[in-house]
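Reading the structure
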Amino acid sequence: MAAANYLRSEDQFLCSICLDVFTDPVSTPCGHNFCKNCINKHWNTNDQYLCPMCKKVFNTRPELHVNTFISEMAVQFRQSAQQKTSSSSSEQQVSKPGEVPCDICTGTKLKALKSCLVCLASYCETHLEPHLTASRLKKHQLIDPVENLEDRMCTKHDKPLELFCKTDQTCVCMLCPVLDHKTHEFVPLKEEYEGKKAELGKTEADIQQMIQKRRLKIQEIKHSVDLSEEDADREIAEGVQVFTALKESVERGQANLIDTIKEKQKTTEKQAEAFIKELEQEISELTKRKADVEQLSRSEDQLHLLQSVQSLKAAPPTKDWTEVSVHPSYEGTVVKAVAQLEETLSKEMKKLLEDEMKRVQQYAVDVTLDPDTAHPDLILSNDGKQVNDSDVRKNLPDNPERFSDCVCVLGKQSFSSGRFYFEVQVKGKTDWTLGVARESINRKGDLTLSPEDGNWTIWLRNVNEYEAFDVPPVSLSLKSRPQKVGVFVDYEEGLVSFYDVDAAALIYSFTGCCFTEKLLPYFCPEHNDGGKNSAPLIISPVNQAE
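1. Let's talk about the sheet that holds strand S2 (residues 33-35)
Taking strand neighbours across the sheet as the criterion, the three strands line up as S2-S1-S5 in an open arrangement whose pairing is antiparallel. Edge strands, defined here as strands with exactly one partner in the open sheet, are S2 and strand S5 (65-66). Inspection of the sheet shows strand S1 (residues 25-27) paired to S5 by two bridges, in the antiparallel sense. What sits directly across from Val 26, in S5, is Val 66. Contacts from helix H2 (residues 36-44) reach S1 and S2, with the element oriented near 90° to S2.

2. Let's talk about the pairing of strand S21 (residues 495-500)
Of all six residues making up S21, six are buried, and the element is well covered by its neighbours. Every second residue of S21 is oriented toward a common face, with Leu 495, Ser 497 and Tyr 499 on one face and Val 496, Phe 498 and Asp 500 on the other, all of them buried. Examined bridge by bridge, S21 and strand S22 (residues 505-510) share five bridges and lie antiparallel to one another. Across the sheet, residue Phe 498 finds its bridge partner in S22, namely Tyr 508.

3. Things to note about the packing of aromatic side chains
Scanning all chains against the criterion turns up 11 aromatic pairs. Ring centres of Trp 456 and Phe 515 lie 5.0 Å apart, and the angle between their planes is 80°; this geometry places the pair in the edge-to-face category. Remark: Phe 515 occurs in the loop between S22 and strand S23 (519-524) and Trp 456 occurs in strand S17 (residues 455-461); sequence separation between them is 59 residues. Each member of the pair, Trp 456 together with Phe 515, is buried. An aromatic cluster is built from Trp 456, Tyr 491 and Phe 515, whose rings are joined through pairwise contacts.

4. A few points about a nonpolar patch on the surface
Together, Leu 175, Val 178 and Leu 179 make up a nonpolar patch on the protein surface, roughly 260 Å² of accessible area in all. Mapped onto the fold, Leu 175 is located in the loop between strand S10 (170-173) and helix H5 (176-179). Take Leu 175: its relative accessible area is 34%, and that puts it in the partly exposed class.

5. Thoughts on the packing of helix H6 (residues 189-297) against helix H7 (residues 302-312)
The axes of two packed helices give the description: the angle between them and the distance between them. At a minimum axis distance of 11 Å, the contact between H6 and H7 shows a crossing angle of 165°. In terms of orientation, H6 lies roughly antiparallel with respect to H7. Once H6 is placed against H7, the crossing between them reads as left-handed. Judged by residue contacts, Arg 289, Asp 292, Val 293 and Leu 296 of H6 engage His 304, Leu 305, Ser 308, Val 309 and Leu 312 from H7. Among the residues forming the contact of H6 with H7, the class breakdown is five nonpolar, two polar and two charged.

6. Describing the sheet that holds strand S16 (residues 432-438)
Taken in spatial order, the six strands line up as S14-S23-S16-S17-S18-S19 in an open sheet, and their pairing is antiparallel. In this open sheet, the two strands that pair with only one neighbour each are strand S14 (409-410) and strand S19 (474-476). In the sheet, S17 pairs with strand S18 (residues 465-468) via four bridges, with the strands oriented antiparallel. In the sheet register, Arg 461 faces S18, and the bridge partner there is Glu 465.

7. Section: unusual backbone geometry
Following Val 471, the chain continues into Pro 472 via a peptide bond in cis, with omega recorded as 0°. Note on placement: Pro 472 falls in the loop between S18 and S19. Even without being glycine, Lys 55 reaches a positive phi, approximately 65°. When you line up the elements, Lys 55 lands in the loop between strand S3 (49-50) and strand S4 (57-58).

8. Describing a negative patch on the surface
A contiguous patch of negative charge, built from Asp 226, Glu 229, Glu 230 and Asp 233, is present on the exposed surface. Along the chain, the position of Glu 230 falls in helix H6.

9. A short note on the side chain of Arg 443
Positionally, Arg 443 belongs in the loop between S16 and S17. The charged side chain of Arg 443 is buried without a salt bridge, its nearest counter-charge being Glu 439 at 5.8 Å. Apart from residues lying up to four places away in sequence, Arg 443 is in contact with Thr 373, Pro 400, Glu 401, Arg 402, Phe 403, Ser 404 and Leu 410.

About the criteria used
Residue numbering note: each chain is counted from 1, following its sequence as written. Per-residue local features are limited, in this predicted model, to residues with pLDDT of at least 70; the limit for side-chain atom pairs, both in listing and counting, is 80 or more; totals at the level of whole chains, interfaces and linings are taken over all residues. Hydrogen atoms and water are omitted, and side-chain values are computed over all heavy atoms in the structure. Paired strands are those between which DSSP finds at least two bridges. Where helices and strands are cited, they refer to DSSP runs of H or I of at least four residues and of E of at least two residues respectively, numbered from the N terminus. Contacts between residues were defined by any pair of non-hydrogen atoms, one from each residue, lying within 4.5 Å. Angles run from 0 to 180 degrees between N-to-C directions of axes, and those axes are lines fitted to C-alpha atoms, restricted for helices to the stretch in contact. For every residue, the accessible area (1.4 Å probe, protein chains only) is compared with the maximum for its type, and the residue is labelled buried under 20%, exposed over 50%, or partly exposed between those bounds. Two rings from Phe, Tyr or Trp (for Trp, the six-membered ring) form a pair when their centres sit within 6.5 Å of each other. Planes less than 30 degrees apart are called stacked, planes more than 60 degrees apart edge-to-face, and all others tilted. Candidates for patches are residues over 30% relative accessible area with no salt bridge; among them, like charges are joined within 9 Å and nonpolar side chains (Val, Leu, Ile, Met, Phe, Trp, Tyr) within 5 Å. Computed with a 1.4 Å probe, the accessible areas rest on the Shrake-Rupley method; for each residue, only the protein chains presented here act as cover. In the sections that follow, a salt bridge refers to a side-chain nitrogen of Lys or Arg positioned within 4 Å of a carboxyl oxygen of Asp or Glu. Between 65 and 115 degrees an angle is taken as roughly perpendicular, under 35 as roughly parallel, over 145 as roughly antiparallel, and anywhere else as oblique. The hand of a helix crossing depends on one turn: near helix anticlockwise from the far one by less than a right angle means left-handed, and clockwise means right-handed. Gly falls in the polar group here, along with every residue not listed as nonpolar (Ala, Val, Leu, Ile, Met, Phe, Trp, Tyr, Cys, Pro) or charged (Asp, Glu, Lys, Arg). For the purpose of counting charges, residues Lys and Arg are taken to be positive, whereas Asp and Glu are taken to be negative. His and the chain ends are not included. For charged residues, the charge sits on one atom: NZ in Lys, CZ in Arg, CG in Asp, CD in Glu.

Everything listed is a geometric property; what it means functionally is a separate question.
Here it is as structure tokens:
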């Protein structure tokens, strides 16, 4: 706009409708000046012929007269302003993509500094000057530059959006409450803005907290990966050590086997050499004797023959070689060597299982029985560590958690991540079922034992029949009857393993399980069977081996 020396006249050459320097200025009968196009457009869009300045109403459309003086002064003012704009535009920043351009600039659009909510236009530094200096424009509301200012106008009443309708949750103009939202609740935009800003602040804080939780989870996962890597390295080292020892044991066994067989072969060769030497000596003696006999038999001297025959009567070698043989016995040599290797492997396997027991026992948890889930026939100890069947149904509330048909009970503790382990004494029982179950397991009516039905269990039937309820069920052949059973679960790994604690032996493992719910320890002492199976299942404290 104009420079400082034009400030006194600047307000006189601005059209109050377009807020720019007059173009074809005309005067109304009331003496106010407007751009010809602006006043005509104003009257064309309104029902009354009203002066925008003094609000005087004309009954008929007034005749407009060109104001030559204002016109000439406006031309001079515009030229001066354009020169000033031209010189200052080079110092101002040209609007770049993504920035709000000035709505008044012609040609090169400069970057807007402010937007006016009354004029619904954005202004660069030069074109903003009237709003900073003209008294009637100073009252307009300026904001940081924004695009699409027309969106801030009521599309129905062509008025600025200044209120917020809480009923319809939308921005409205001052006429909307009178014409379209008569019974609705309204607040000023600023009030709703401050409320929403406070909500956004809380939302931002909540989001930040969620971000922080996820960052902590990332750290936790990374830490788990590091621990997993350490575990993997340790397992590899232990595995290499074990297999190296086994390999060395196999190589020693093989070397011993070869040495034993070779030693037997050498013994056989020496025995054969002795037999051959003895036989060759006897052959030599027999050959000499044969020659003597042949020579004597050709003699015609009767006296000599008779005298010599007596000397030939000395006994020739009489050893019976019929049963003499050389047959080295290698039978059982390889079997014995393999048996020794098997014994070594068995010792190593026992050591590995003992080490594995130590590892899983590190995840021991304190488990107690939940009386709200116990079948009415069951008797639970006061400390929640023992359960047995009484064969007598107690009168208990049939709450949703309680098993109605299966004589079983769940643990109070539930697990939805990580690893856990507990031990149960089964000594003296002829029947029992143990394992874990998901929280949503069927508790009313018959209960099917299988992973598909939400339980991972093994059982004992008829004193010595063991079975794992996998898909399909697996009969188990155990070397000894477990007196105490350990149950280990790795939730993320999808693993449920059962151990004979005293023998440090693995009974069975469910692998590749997909857990999506909380898991609870599952106990079924089975029916009392007239006292034959009256011994309780006892949750035992875990004694971790040193």
